[in-house]
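Chain by chain, the residues:
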Amino acid sequence: MTFFNASQFAPFINGSYGISVLFLIAVSFLTLTRYRTATKRLAQTESAK
Amino acid sequence: MNENVLAPTALPAGRSSWLHRYANPGRFLRLARPCLPWLAGFSLVLTVTGLVWGYYFAPADWEQGDAARIMYVHVPAAWVAMAGYAALAVASFFSLIWRHPLADVAAEEIGPVGAGFTFVCLVSGALWGKPMWGAYWVWDARLTSVLVLFFLYLGHIALIRAFDNPQHGHRAAAILALVGAVNLPIIVFSVQWWNTLHQGNTISISGGSKIYVTMLYPLLIASLGFYLTFITLVVARMSASIMEKKTRNLLLAAAERS
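Quick caveat: nothing in here was measured; it's all calculated off a predicted structure.

**Student:** Just to check I follow, could you spell out the overall build of chain B for this structure?
**Tutor:** Each helix and strand in chain B was counted, giving eight helices and zero strands. Traced from its N-terminal end to its C-terminal end, chain B shows the element sequence α-α-α-α-α-α-α-α. Counting the 258 residues in chain B, one finds 36% classified as buried. Restricting the contact set of chain B to residue pairs at least 6 apart, pairs at least 24 apart contribute 75%.

**Student:** Explain the interface of chain B and chain A here, please?
**Tutor:** Often, the extent of an interface is quoted as the loss of accessible area upon association of its parts. The interface of chain B with chain A comprises 29 residues on the first partner and 22 residues on the second. Of all the elements in the fold, those that place two or more residues in the side of chain B that touches chain A are helix 2 (25–57), helix 3 (71–98), helix 4 (101–133) and helix 8 (213–257) of chain B. The greatest single-element share of the side of chain B that touches chain A, amounting to 13 residues, is contributed by helix 8 of chain B. A breakdown of the residues in the side of chain B that touches chain A according to their chemical character gives 17 nonpolar, six polar and six charged.

**Student:** I would appreciate a short explanation of the nonpolar core in the present structure.
**Tutor:** When a protein is soluble and globular, its nonpolar side chains tend to lie buried together. Membership of the largest hydrophobic core comes to 64 residues, with the highest contact counts inside it found for Ala 77, Ala 81 and Ala 107 of chain B. Broken down by secondary-structure element, the contributors of at least two residues to this core are helix 2 (17–48) of chain A together with helix 2, helix 3, helix 4, helix 5 (141–160), helix 6 (166–180) and helix 8 of chain B. Counting residues per element, this core draws most heavily on helix 8 of chain B, which supplies 15 residues. Setting aside residues up to four positions removed in sequence, Ala 107 of chain B forms contacts with Leu 88, Ala 91, Ser 92, Ser 95, Ile 160, His 170, Ala 173, Ala 174 and Ala 177 of chain B.

**Student:** Explain unusual backbone geometry here, please?
**Tutor:** Excluding glycine, most residues fall at negative phi; most peptide bonds, likewise, are trans. Residue and element names in this part refer to chain B. Although it is not a glycine, Arg 99 adopts a positive phi angle of roughly 55°. Looking at where Arg 99 falls in the secondary structure, it is placed in the loop between helix 3 and helix 4. Accessibility expressed as a C-beta count within 10 Å gives 13 for Arg 99, which makes it partly exposed.

**Student:** When you look at helix 4 of chain B in this model, what are you seeing that I'm missing?
**Tutor:** Note that an α-helix has 3.6 residues per turn; residues three or four places apart therefore point the same way. Residues and elements named next belong to chain B. If you check helix 4, its first and last C-alpha atoms are 46 Å apart, about what 33 residues at 1.5 Å a residue would give, namely 48 Å. Roughly 30° is the biggest bend found in helix 4, and it falls at Ile 110, with proline Pro 112 one to four residues downstream. Taken from the residues just after helix 4, Gly 134 is the one with a positive phi, measuring 85°.

**Student:** Would you mind going over the confidence of the model for chain B with me for this structure?
**Tutor:** Close inspection of predicted coordinates is inappropriate in any region flagged by low pLDDT. All names here are of chain B. Looking at chain B, the pLDDT average stands at 86 and 89% of residues meet or exceed 70. The element-level mean pLDDT for chain B is lowest in helix 1 (residues 13–22), coming to 60, with helix 5 highest at 95. This model gives residues 1–11 a pLDDT under 50, and the stretch forms four contacts once residues within four places in sequence are excluded. Of the two predicted TM-score estimates for the complex, the pTM is 0.86 and the ipTM is 0.78.

**Student:** How should the packing of helix 4 of chain B against helix 5 of chain B be read in this particular structure?
**Tutor:** In a pair of packed helices, the angle between the axes and the distance between the axes together describe the arrangement. All names here are of chain B. Here helix 4 crosses helix 5 at 150°, and the two axes come no closer than 9 Å. One element, helix 4, and the other, helix 5, form an angle in the roughly antiparallel class. The crossing of helix 4 and helix 5 is left-handed. Contacts from Ala 107, Glu 108, Gly 111, Pro 112, Gly 114, Ala 115, Thr 118, Phe 119, Cys 121, Leu 122 and Gly 125 of helix 4 reach helix 5 at Leu 143, Val 146, Leu 147, Leu 149, Phe 150, Tyr 153, Leu 154, His 156, Ile 157 and Ile 160. Considering only residue class, the contact of helix 4 with helix 5 consists of 15 nonpolar, five polar and one charged.

**Student:** Whenever I open this one, the environment of Ala 253 of chain B confuses me. Can you help?
**Tutor:** Tracing the backbone shows Ala 253 of chain B in helix 8. Ala 253 of chain B sits 104 residues away from Leu 149 of chain B along the chain, and the two C-alpha atoms are 41 Å apart.

The rules we used
Residues numbered from 1 in each chain as written. Chains lettered and ligands numbered in written order. Predicted model: local features only at pLDDT ≥ 70, side-chain atom pairs only at ≥ 80, totals over all residues. Helix = DSSP H or I, 4+ residues; strand = E, 2+ residues; numbered from the N terminus. Buried ≥ 20, exposed ≤ 12 C-beta atoms within 10 Å, placed from the backbone. Contact = placed C-beta atoms within 7 Å. Nonpolar A, V, L, I, M, F, W, Y, C, P; charged D, E, K, R; others polar. Core = buried A, V, L, I, M, F, W, Y, C linked by C-beta atoms within 7 Å. Expected span 1.5 Å × (residues − 1). Bend = angle between axes of the 7 residues up to and from the residue. pLDDT = per-residue confidence, 0-100. Axes fitted to C-alpha atoms, helices over the stretch in contact; angles between N-to-C directions. Parallel < 35°, antiparallel > 145°, perpendicular 65-115°, else oblique. Left-handed = near helix turned anticlockwise from the far one by under 90°.

Okay, here's the thing in structure tokens:
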């Protein structure tokens, strides 16, 4: 019995689609969060000056 | 004529300012912020179009079946991983030679994004390798050189943050990035120089690609989408980094005043 048989799963999972799409979404989300936080903090600091 | 050789006149304005004008972090931020939504939009549209086209509408391979669809992710990720490292080497060169602060910011932010795409390339290749080759991993020249690329990215990320003085970190990491650039031609030509299990080059810029157009078009669109996604992520991270530094400086200045 093989550990992983690609044909048992939908192409979304057996290929790299699932992992890659999740990766791209996660990285984009983290980057967006960092960017928005940086923008907000800079605006707050400048307005408090 | 300037007689003082120890204090020569500056380079002619046209030649010196081109590089320095756009290397200013403040100017970069002013240019990048309005461009970011457009970059993000185009990268999203192209990536989704390429992946959906490749996943649903492109034909399956006559030999590999649906497993060949992995190339719509694996190949763009590999190209972006290599292009990202080339960009890292260029930024490192600018950092070492001209000490541009923006080049340091670029090098610091390209590393994690490039490592991420290299990781996608390695994982997607491993998932394809199991059903096709019978193994997730083989010590093939192409696979090994891409693994070395991944380690170079990780080394760069670690080294740039390893010093108390950030300047030392940037300098050491820049040297590593430039030395590591020798790995790029090894990756590209590994399938020609050695007998590899990994297939040879399928796409050729000069013509003669060994892939049918119904597969080539979604692959090229997905690749363009991945490139734009990489650029978007790097520009967003660079902008965030510049804003974080600016905020820190403002807070420090306020603390010194009070």
